[in-house]
Structures are given as structure tokens and as C-alpha cells.
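# Structure assessment
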Amino acid sequence: MEPHLTIGELARRSGVAPSGLRYYESLGLIAAERSAGNQRRYARSMLRRVAFIRTASRVGLTLERIADALATLPEGRTPTKKDWSRLSRSWRPLLDERIAELERLRDDLDSCIGCGCLSLQRCRLQNPDDRAAALGPGPRYLEGDSPGDAERAAG
Ligand code: FES
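As a starting point, this report considers the structure included with it. (Residues numbered from 1 in each chain as written. Predicted model: local features only at pLDDT ≥ 70, side-chain atom pairs only at ≥ 80, totals over all residues. Heavy atoms only, no water.)

## A look at the overall build of the chain
What the chain contains, in helices and strands, is seven helices and three strands. Radius of gyration (C-alpha) of the chain: 22 Å, far over the 15 Å computed for a compact globule of 155 residues. In the chain, buried positions account for 30% of the 155 residues. Counted over contacts in the chain with a minimum sequence separation of 6, partners at least 24 positions apart contribute 45%. (Helix = DSSP H or I, 4+ residues; strand = E, 2+ residues; numbered from the N terminus. Rg over C-alpha atoms; globule rule 2.2 N^0.38 Å. Buried < 20%, exposed > 50% of the residue type's maximum accessible area, 1.4 Å probe, protein only. Contact = heavy atoms within 4.5 Å.)

This is the structure we're talking about:
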């Protein structure tokens, strides 16, 4: 039988406070059994789920998306490598998109990001008269559009 952890043990090992674990449980992201004394007891494999939730949240993925992903894992048994591989494959496009966003943020922040501020010298070249606004709200060039897209959209 899989060893079980108390909420304190799960909190210490995962780095998530007991209140956070209870919140995850209330959303159905993790599950506990109850001891004879009605105490929560978590299967040790919950550590992997909590690690997944914590890391995915840290890179900006919503709890809804995380819940959808975790819902693909089997209930009532410890997920296998195959189960996690399937989840990982389904998430690859989303993570690739997130990685591309982070790379743009890292590489393009000292240039015009098409946000409409027109505060940098480069804005005159890359976003004259804020034509990026024609593509929609927000920093268009950080979100994957290009000055060429803005030029076409502005007509
Ligand atoms: S950086 Fe804001 S419009 Fe160029």
C-alpha cells in the first residue's frame, strides 16, 4: 500500500502551506483520504501533483487549465510515466507558446513592444502613430505580432 502523508508532511515536502493544499483540494486538484480520527491522509504520489500545480502556476498557467490537465490523469491509482507523458504531450503546444512569450519578454523589452506608449526612439520606426493599436489592445509585439502585421492592419 502506498505510504500516506499528513497535511503537515505534504506541506513541508511540497513547499505549499496547508491552507494552499486545502484550497487545491477544494478545487479537486488533489485528494485526501481520512484517517479513523478524520484526519487528512494524502497518498505520497500527491507530491507530484502538487509539484505540477505549483510549477505550472509559477509560469502563469491558470488553475482552470491545470485542473483540465490533471483531469486527464487516472483516479484511484497512482499515475504512471505513461499517464504523465500523455499529459505532457497535450500541454506541449501551450508550454511552447508560453516559452516563446517569455523569450520575447527577455529579448525585446529594450525595444518597441507595440504597447502604444511611443516613448522610445524605436517606436517611431516600429510603431509610427501607434499603428499596432489596429491589431488590438496590449503590447502587440510581445504577444507575437510584428511591425509588419501592424503596417498591414493599419492599411
Ligand atoms: S514601446 Fe510602447 S509603443 Fe513602442
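Continuing now.
## Examining the packing of helix α4 (residues 63-70) against helix α5 (residues 81-108)
Contact pair α4 / α5: the axes reach a minimum separation of 10 Å and the direction vectors enclose 145°. Counting all contacts with α4, which are made through Arg65, Ile66, Ala69 and Leu70, the residues of α5 involved are Trp84, Leu87, Trp91 and Leu94. (Axes fitted to C-alpha atoms, helices over the stretch in contact; angles between N-to-C directions.)

## Some points on the packing of aromatic side chains
Across all of its chains, the model carries two aromatic pairs by this definition. Judged by centre distance (5.1 Å) and plane angle (45°), the rings of Phe52 and Trp91 are tilted. Here Phe52 is found in helix α3 (residues 46-58), whereas its partner Trp91 is found in helix α5, with 39 residues between them in sequence. Pair check on accessibility: Phe52 and Trp91 agree, each one buried. One aromatic cluster is present, built from ring pairs that chain together Phe52, Trp84 and Trp91. (Phe/Tyr/Trp six-rings, centres within 6.5 Å; stacked < 30°, edge-to-face > 60°.)

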